[in-house]
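This is what each chain is made of:
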Amino acid sequence: MNTKKIATIKLSICSAMVVILTMTFLFFNDLSADSKRGVQGIAFVGITGEDEELLNRQIYLMDTDGKNIRNLTNNKSDIEELPSWSPDGTQIAFVSNNPISGWGWGMYIMDADGQNKRQLTTLSVEYTHPAWSPDSKKIAFSSRTSVDNHDNNIYVVDVTPDPITPSQQTDINLTRLTNDPASAKWPSWSPDGKKIAFLSWRHDKISKSGPDIYVMDIVPDKLELVEKNLIRLTKNMAPGPHCPAWSPDGKRIAFAGVSPDNPDLHRDLYIMDTDGKNIKNLTNTAKYSEEHPIWSPDGKMIAFEGGSPFEEGKNVYIIDADGSNLRNLSSKIYGMSPSWSPDSQWIVFHSGVVSFGRDLPIYSAICKIDINGKNLKKLIGSTQKDYYQSPDWSPVK
């Protein structure tokens, strides 16, 4: 074989290698771009019937049709709960048993593919869904400083790529927002990221009426402990309102509360203006309690849990934001933990029967249904030993 022919072959091989390397780079670069654009799917907590004690729970992700199920945390030693998508759909926050303090829950985040799992704070957090800021750069949460201290405060932590290690004595990028001996819980960001609504017991020391909903201003790029323009929005709704949720247009706040003339203290679903005016009872039910309101992305409807405290099952309801068109979506199978599809046309929830004396369902499946109560589909869960809960639908369309 002559030198010219050998050179031609070598050139062809080099050219082929360049093409392969280029295609490989483009492929993984495209995956990275997809991750930055956000991921579609439904995150949830799952455990199979292999563990009768239900002590090991992990975060899973599946397509919106129930296919392509994958374990994101794949951790056999921890209890991981309450997955919450970042608004841009690129990351998932969740809580896990806290290995640093030895008690309470730790706050973690990970990429949507399960990579880069990291703990955000050494503080033990309240067992509620992590509250993402609208720009996906911060998370608000409630924490108490020790197992004996029952007075919580509201904190905000930057979403940083640097993990927290047990050797760190103080948390970086962490700001305490409330400054009162009374507890503060359940933070909810305004859509513009400039205000946070939350529950506080600071007036309960005098009125003994339970917590109230407060709103304070914050400066997103310069967080500090000042409680700027703190406003008390609710008064005398014993045993107190619960679960404030800001509307997508930033004009109203939904919450669960008790009417002063309700002798049974069952919570109804309310909305009010962000200055506390024009409070309206949307459900006004005599025998049932409503909890955990969640606005549809288009702001036209509110989903919530409802049920009698004397019965085993709850149901998922939706209602128009003006209080009309109330409908029970899960009347035949029970339902909890509703989450909206990004187009506001579907609800995903977990169904199951809760036995008295247990804090977990006997069994539970993840289901979805359209807003008209039709096209019910079980996405995962087929036996009474399967346990799935806390579904959260990605905001990515």
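Note that the structure is predicted; figures quoted are calculated from it, not measured. (Residues numbered from 1 in each chain as written. Predicted model: local features only at pLDDT ≥ 70, side-chain atom pairs only at ≥ 80, totals over all residues. Heavy atoms only, no water.)

**Some points on empty space enclosed by the protein**
Scanning the entire structure with this criterion turns up 2 cavities of 30 Å³ or more. Its boundaries defined by the atoms lining it, the second largest cavity holds a volume of some 40 Å³. The biggest single contributor to the lining of the second largest cavity is strand β9 (residues 138-143), with 3 residues. Within the lining of the second largest cavity, the residues separate by chemical class into 5 nonpolar, 3 polar and 1 charged. (1 Å grid on protein atoms, 1.4 Å probe; cavity = no way out; pocket = protein on both sides within 12 Å on 5 of 7 lines; lining within 4 Å. Points joined across faces, edges and corners; volume = space filled by probe spheres on them. Helix = DSSP H or I, 4+ residues; strand = E, 2+ residues; numbered from the N terminus. Nonpolar A, V, L, I, M, F, W, Y, C, P; charged D, E, K, R; others polar.)

**Here's the deal with the sheet that holds strand β1 (residues 42-47)**
Taking strand neighbours across the sheet as the criterion, the 4 strands line up as β3-β2-β1-β28 in an open arrangement whose pairing is antiparallel. Taken across any chain shown, the strands that pair with only one partner, and hence form the sheet edges, are β3 (70-71) and β28 (387-393). Where strand β2 (residues 58-62) meets β3, 2 bridges bridge the pair, whose relative direction is antiparallel. When the bridges of β3 are listed, L61 appears paired with R70. (Pairing = 2+ DSSP bridges.)

**Quick look at the nonpolar core**
Within soluble globular proteins, side chains that are nonpolar tend to cluster in buried spots. In this structure, M107, I109, L120, W132, I139 and F141 are the most contacted members of the largest nonpolar core, which totals 14 residues. Of all the secondary structure elements, the ones that give two or more residues to this core are β5 (91-97), β6 (105-111), β7 (118-125), β9 and β10 (153-158). Sort the elements by how many residues they give to this core and β7 lands first, with 3 residues. Beyond its immediate chain neighbours, meaning those up to four positions away, I109 contacts Q91, I92, A93, F94, N116, K117, R118, L120, W132, I139 and V159. Residues A131, A184, F198 and M216 belong to the second largest nonpolar core, which totals 12 residues. (Core = buried A, V, L, I, M, F, W, Y, C linked by side-chain atoms within 4.5 Å. Buried < 20%, exposed > 50% of the residue type's maximum accessible area, 1.4 Å probe, protein only. Contact = heavy atoms within 4.5 Å.)

**Here's the deal with unusual backbone geometry**
Note on backbone geometry: most residues besides glycine have negative phi, and most peptide bonds are trans. Phi is positive for N68, close to 60°, though the residue is something other than glycine. Note on placement: N68 falls in the loop between β2 and β3. Even without glycine at this site, S136 takes up a positive phi of about 65°. Along the chain, S136 falls in the loop between β8 (131-132) and β9.

**Looking at the sheet that holds strand β13 (residues 195-200)**
The strand order across the open sheet formed by 4 strands is β12-β13-β14-β15, and the pairing between neighbours is antiparallel. In the strand order of this sheet, the two ends are held by β12 (184-189) and β15 (228-232), each with one partner. Neighbour-to-neighbour, the strand axes of this sheet turn through a mean angle of 25°, independent of strand direction. With 4 bridges connecting them, β12 and β13 associate as antiparallel partners. Bridge pairing in β13 links K185 to L199. (Axes fitted to C-alpha atoms, helices over the stretch in contact; angles between N-to-C directions.)

**Things to note about the pattern of salt bridges**
Inspection of every chain in the model, using the stated rule, returns 9 salt bridges. With a closest N to O distance of 2.1 Å, E81 and R57 form a salt bridge. With E81 in strand β4 (residues 80-85) and R57 in the loop between β1 and β2, this residue pair connects regions lying 24 residues apart in the sequence. Overall, the relative accessible area of 11% leaves R57 in the buried class. For D212, the salt bridge goes to R232, with nearest N and O atoms at 2.8 Å. Taken together, the residues span a long stretch of sequence, with D212 in strand β14 (residues 212-217) and R232 in strand β15 at a distance of 20 residues. On the accessibility criterion, D212 (1% relative accessible area) is buried. A relative accessible area of 22% places R232 in the partly exposed class. (Salt bridge = Lys/Arg side-chain N within 4 Å of Asp/Glu carboxyl O.)

**Observations concerning the environment of R144**
By the secondary structure assignment, R144 is in the loop between β9 and β10. Take R144: its relative accessible area is 22%, and that puts it in the partly exposed class. Sequence-wise, R144 and I154 are 10 residues apart; in three dimensions their C-alpha atoms are separated by 9.1 Å.

**Side note on the side chain of S247**
Following the sequence through the fold, S247 ends up in the loop between β16 (242-246) and β17 (252-257). The exposure class assigned to S247 is buried, which follows from its relative accessible area of 1%. At 3.3 Å, the side chain of S247 forms a polar contact with the backbone nitrogen of K251. When sequence neighbours within four positions are dropped, the list of residues in contact with S247 reads P191, R252 and W295. (Polar contact = N/O pair within 3.5 Å; in protein donor to acceptor, adjacent residues only side chain to side chain.)

**Re the packing of aromatic side chains**
This model, assessed by the stated rule, comprises 7 aromatic pairs. Relative to Y108, the ring of F94 has its centre 5.6 Å away and its plane inclined at 15°; by these criteria the two rings are stacked. In this pair, F94 is assigned in strand β5 and Y108 in strand β6, connecting sequence segments 14 residues apart. For the residue pair F94 and Y108, the accessibility class agrees, reading buried in each case. Measuring from centroid to centroid gives 5.7 Å for F141 and Y155, while their planes differ by 15°, and the two rings are stacked. Placement of F141 in strand β9 and of Y155 in strand β10 is noted, with a sequence separation of 14 residues between them. Judged on exposure class, the residue F141 and its partner Y155 are both buried. What links up through ring pairs into an aromatic cluster is the set F44, Y60 and Y388. A cation sits over an aromatic face here: R202 above Y214, 5.5 Å from the ring centre. Geometry around W346 places K368 over its ring, the cationic atom sitting 4.8 Å from the centre. (Phe/Tyr/Trp six-rings, centres within 6.5 Å; stacked < 30°, edge-to-face > 60°. Lys NZ or Arg CZ within 6 Å of the ring centre and 35° of its normal.)

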